[in-house]
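Structural description and commentary
So the chains spell out like this:
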Amino acid sequence: MATKAVKVSVYAWEGLDKKGTKVTGELNGHNPALVKAQLRKQGINPTKVKKKSVSIFGAGKKIKPLDIAFFSRQMATMMKAGVPLLQSFDIISEGSDNPNMRKLVDDVKQQVASGHSLATALRQKPQYFDDLFCNLVDAGEQAGALESLLDRVASYKEKTESLKAKIKKAMTYPIAVVVVAFVVTAILLIKVVPQFQSIFEGFGAELPAFTRMVIGLSQLLQDYWLIVLGAVIAAIFLFKRAYKNSEKFRNWLDRALLKIPVIGPLLYKSAVARYARTLATTFAAGVPLVDALDSVAGATGNVVFRDAVNKVKQDVSTGMQLNFSMRSTGVFPMLAVQMTAIGEESGALDNMLDKVATYYEEEVDNMVDSLTSLMEPMIMAVLGVVVGGLVIAMYLPIFQLGNVV
């Protein structure tokens with residue numbers, strides 16, 4: 001029967017070193033007695049050892065993909081330096097300020113210490129280590145080059161997350177400004193316009209059509225703002241639920257996003273970059289091309305490319321060259337196809353795919369910078385039209401006040 005693993009906690013300690021100087025720190029351990037024993041081995045006389053309380057905010061700190069990339073980089077560095085695998089886990093765990101990350105590393109260490117391979121231990125945590133990550137680690141263990149593969153995985157994760165961050169950067173700014181514009185407009189319509197409306201009632205003349213339209217919209221929001229707010233929240237909830245539960249909806253959204261001007265080309269080039277980066281990483285690790293394409297299909301992040309990669313996989317498994325199959329899908333850009341052809345002919349496919357990934361990552365970076373520069377004046381113009389339009393609508397009757405008198 002399997003014994004239950006003893007929980008490892010973080011202890012804050014105080015003590016005196018060999019010179020009598022007061023020192024403090026933190027240490028992982030199963031209980032205070034073992035922590036004190038470990039400190040004495042280091043020449044420190046512990047005076048106080050207390051289990052460190054984890055704050056609510058710390059306990060809820062999520063493990064991000066970049067944390068996993070940093071974990072891979074640290075593991076590769078320590079293994080290259082000759083540090084034993086289990087000791088590497090301890091060093092990483094003690095150096096992490098995220099309680100959830102420490103627990104994850106300790107769980108993986110316990111699995112490895114009980115006799116499992118690192119790839120098997122990582123597969124027990126699929127929410128953090130995907131199939132691609134585990135397959136590469138497995139290939140590294142079998143080839144006896146685990147440190148090189150971990151280093152390659154770290155580079156892959158870092159570049160992938162950097163690409164995602166660039167896409168988010170391009171989307172976040174306009175979305176944030178639109179939300180602010182919506183909130184400001186709602187406040188003006190609900191709070192400011194009614195004040196002008198009470199003034200206009202004593203004018204004794206017909207208001208301009210534009211002013212009447214704004215006042216009507218204001219009355220509508222005043223009477224039904226709860227319904228409007230509820231409808232917006234319900235729409236967001238239904239969108240998230242449909243995206244999570246409906247594959248058809250996700251596929252439709254993926255295809256629709258690629259057709260949007262400006263945003264579509266950005267997402268297209270990022271998908272090409274992910275395809276090339278993932279395939280270069282897996283192929284360089286010694287994974288057979290057909291198996292590598294299986295991992296690549298889910299890493300592109302778009303159903304159009306996923307279907308294209310699955311078709312490429314079928315073609316390659318029947319003996320067709322990769323570049324011919326890519327060309328036949330009509331999805332991949334000609335540059336990527338030609339670079340793949342050169343790579344296949346020269347026997348340096350991974351290097352050529354790596355160059356393709358780098359090229360399109362730079363293209364995405366340049367597009368994000370251009371889009372940000374372009375969006376700023378456009379957004380300011382939209383805000384000016386919306387807010388300025390409301391102000392003009394309210395002041396039009398005042399401008400005509402002389403005619404009324």
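Below is a summary of the structure that appears in this document. Counting restarts for each chain: residues are numbered from 1 in the order of the written sequence. Where local features are concerned, this predicted model is filtered to residues with pLDDT of at least 70; where side-chain atom pairs are given and counted, the filter is 80 or more; whole-chain, interface and lining totals use all residues. Heavy atoms from the whole structure form the basis of all side-chain values; hydrogens and water molecules are not counted.

**Regarding the side chain of D315**
Strands are runs of DSSP state E lasting at least 2 residues, helices are runs of H or I lasting at least 4, and numbering of each runs from the N terminus. For D315, the position within the fold is in helix α13 (residues 303-317). Any residue under 20% of the maximum accessible area for its type is buried, any over 50% is exposed, and the rest in between are partly exposed; the area is computed with a 1.4 Å probe on protein chains only. Since its relative accessible area comes to 15%, D315 is described here as buried. By definition, residues are in contact when any of their heavy atoms lie within 4.5 Å. D315 has contacts with M320, S325 and S328, leaving out every residue within four places of it along the chain.

**Remarks on the side chain of T281**
Positionally, T281 belongs in helix α11 (residues 263-284). On the basis of relative accessibility, which here comes to 7%, the residue T281 falls in the buried class. Pairs of N or O atoms within 3.5 Å make up the polar contacts considered here, provided that, within protein, one atom can donate a hydrogen while the other can accept it, and that residues adjacent in sequence are counted only when both atoms are side-chain atoms. A polar side-chain atom of T281 sits 2.8 Å from the main-chain carbonyl oxygen of R277. Other than its neighbours up to four places away in sequence, T281 contacts L136, R152 and Y156.

**Focus on helix α5 (residues 99-113)**
Quick reminder: α-helices carry 3.6 residues per turn. Residues three or four places apart thus point the same way. Given a rise of 1.5 Å per residue, 15 residues ought to cover 21 Å, and the 21 Å separating the end C-alpha atoms of α5 matches this to within 8%. Buried residues of α5: P99, M101, R102, L104, V105, D106, D107, V108 and V112, and no others. You can read the cap of α5 off the contacts: a side-chain oxygen lies 3.0 Å from the backbone nitrogen of N100, and it is on N98. Phi turns positive one or two residues past the end of α5, at G115, with a value near 115°. Expected helix span is computed as 1.5 Å times (number of residues minus one).

**Quick look at the environment of Y275**
By the element assignment, Y275 lies in helix α11. According to the relative accessible area criterion, Y275 is buried, its value standing at 2%. As a C-alpha pair, Y275 and A143 span 132 residues in sequence and 24 Å in three-dimensional space. When neighbours within four sequence positions are excluded, Y275 is seen to be in contact with L293, V296, T300, V309, L322, M326 and F332.

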